[in-house]
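Okay, here's what each chain looks like letter by letter:
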Amino acid sequence: MEERQTICLSDMTLGTLTDYLVSLGQPKFRGKQIFKWLHQKLVTDFSQMTDQPKTLLAQLQQHCTIAVPAIRRRQQSRDGTVKYLLQLADGNCIETVLMRYKYGNTVCVSTQVGCAMGCRFCASTQAGRVRDLTPGEIAAEIYTAQKDTGERVSHIVLMGIGEPLHNFDNVMEFLEIISCPEGVNIGMRNISLSTCGLVPKIDELAKRHLQLTLSVSLHAPDNATRSGMMPVNDAYPLEQLIPACRRYQQETGRRISFEYSMVRGVNDSDEMAQKLARLIQGMGAHVNLIPINPVDGSPYSATDEANVRRFQQKLEQLGVNATVRRRLGSDISAACGQLRREDAQARP
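Residues numbered from 1 in each chain as written. Predicted model: local features only at pLDDT ≥ 70, side-chain atom pairs only at ≥ 80, totals over all residues. Heavy atoms only, no water.

It is worth spelling out the sheet that holds strand β10 (residues 191-195) at this point. The pairing of strands in a sheet comes from backbone hydrogen bonds and takes either a parallel or an antiparallel form. Sheet architecture is open: 10 strands sit in the order β3-β4-β5-β6-β9-β10-β11-β12-β13-β14, paired in mixed fashion. In this open sheet, the two strands that pair with only one neighbour each are β3 (70-76) and β14 (321-324). Averaged over all adjacent pairs, the angle separating strand axes in this sheet is 25°, with direction ignored. (Pairing = 2+ DSSP bridges. Helix = DSSP H or I, 4+ residues; strand = E, 2+ residues; numbered from the N terminus. Axes fitted to C-alpha atoms, helices over the stretch in contact; angles between N-to-C directions.)

The structure is reproduced here in structure tokens:
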């Protein structure tokens, strides 16, 4: 008799999990019970599901798994930021960051092992993309941080390793799992999803009318500069990206946030501020200015703080709402992908 393929229960939405258990001859209410064990009580072993029949637990133990990454490295910054290097079941590593704010704890999650987008200021992409993360693996990043610190996570940003819209289906299922009332129940308005600008996927996301915040990594207001920083601009130049952003706003009623990493001598002049203001005119969008963290092997260096403030003031004079992202974890390899790369280089 052929052995049934092992499946990961924590990858399943509530509906899918219920259907699976019904296929095993279980009543429908088992789906909600087991979903709560996985995504609310955060158990890591089937034996901990104390209200389930032993025959069912034995069946699940034999044929199913739960996504449980191991903490390979943990670094804590002076400002309270905690960065994790997490090892997945197949040995691959990803990064997750917990950031403490006055309004609560935010976890920045990875959505892929590595990244195929090739942005030249980012450590995540230097070794390319290995594979996509499953919905349960993404959720497990949050659960690991919660259990390690003993503190609730209230906000999520999908801004870690990988391009979320390049792993579209798994990310959509993760969002359904993480916002489910039977799970940790983190509302969509407390979730931000970052993309480098995959235009067809932005349009596809808009049709779902999710109430999350879409953050578009813009980083330059003209094609020549942006293509030099982000190869994705060759496939989806600004003439395609900005109309897609306008369509997204019109379709969802949600304001877009533009991420703008400040790079010395590349995109930080008054001329660039004027170009940026013209590019997004009339959108009411928010611009998040980011002093980049230094990355070994990158040709770019960070703009000094005074220049970032000057750029911000110029944008505001031009009618653009702009803020400077608080810089967290600069003493613990905070640039996305650095910890993973250091670990890979240290392995034999």
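The next subject is the side chain of Thr18. Looking at the secondary structure, you find Thr18 in helix α1 (residues 14-23). Aside from chain neighbours lying at most four places away, what touches Thr18 is Lys28, Gly31 and Lys32. (Contact = heavy atoms within 4.5 Å.)

For the rest of this paragraph, the subject is helix α3 (residues 54-63). Taken residue by residue, α3 has Leu56, Leu57, Leu60 and His63 as its buried positions. Within α3, the buried residues cover an arc of 145° as seen down the axis, which keeps them to one side. In α3, those exposed residues whose orientation departs by more than 90 degrees from the buried face are Lys54, Thr55 and Gln62. Tucked inside the fold, the buried residues of α3 contact β1 (7-8), α1, α2 (29-39) and β2 (64-65). (Buried < 20%, exposed > 50% of the residue type's maximum accessible area, 1.4 Å probe, protein only. Arc of directions from axis to C-beta.)

Let us now look at the packing of helix α6 (residues 199-206) against helix α9 (residues 238-252). With their axes 9 Å apart at the nearest point, α6 and α9 run at an angle of 5° to one another. Considered as vectors, α6 and α9 are oriented roughly parallel to each other. Contacts from Val199, Ile202, Asp203, Leu205 and Ala206 of α6 reach α9 at Gln240, Leu241, Ala244, Arg247, Tyr248, Glu251 and Thr252. Classifying every residue of the contact of α6 with α9 gives 7 nonpolar, 2 polar and 3 charged. (Parallel < 35°, antiparallel > 145°, perpendicular 65-115°, else oblique. Nonpolar A, V, L, I, M, F, W, Y, C, P; charged D, E, K, R; others polar.)

Quick look at the pairing of strand β4 (residues 82-87) now. Burial analysis of β4 places 5 of its 6 residues in the buried class, which makes it a mostly covered element. Bridging between β3 and β4 involves 6 bridges; their strand directions are antiparallel. Counted as the bridge partner of Arg74 is Tyr84 from β4. Between β3 and β4, which pair antiparallel in sequence order, lie 5 residues; one of them, Gly80, sits at a positive phi of approximately 95°. Note: β4 against strand β5 (residues 93-101), 6 bridges, orientation antiparallel. By the bridge assignment, Lys83 is partnered in β5 with Val97. The hairpin formed by β4 and β5 contains 5 residues between the paired strands, and Gly91 there has a positive phi angle of roughly 95°.

Remember, this is a structural readout, not a statement about activity or role.
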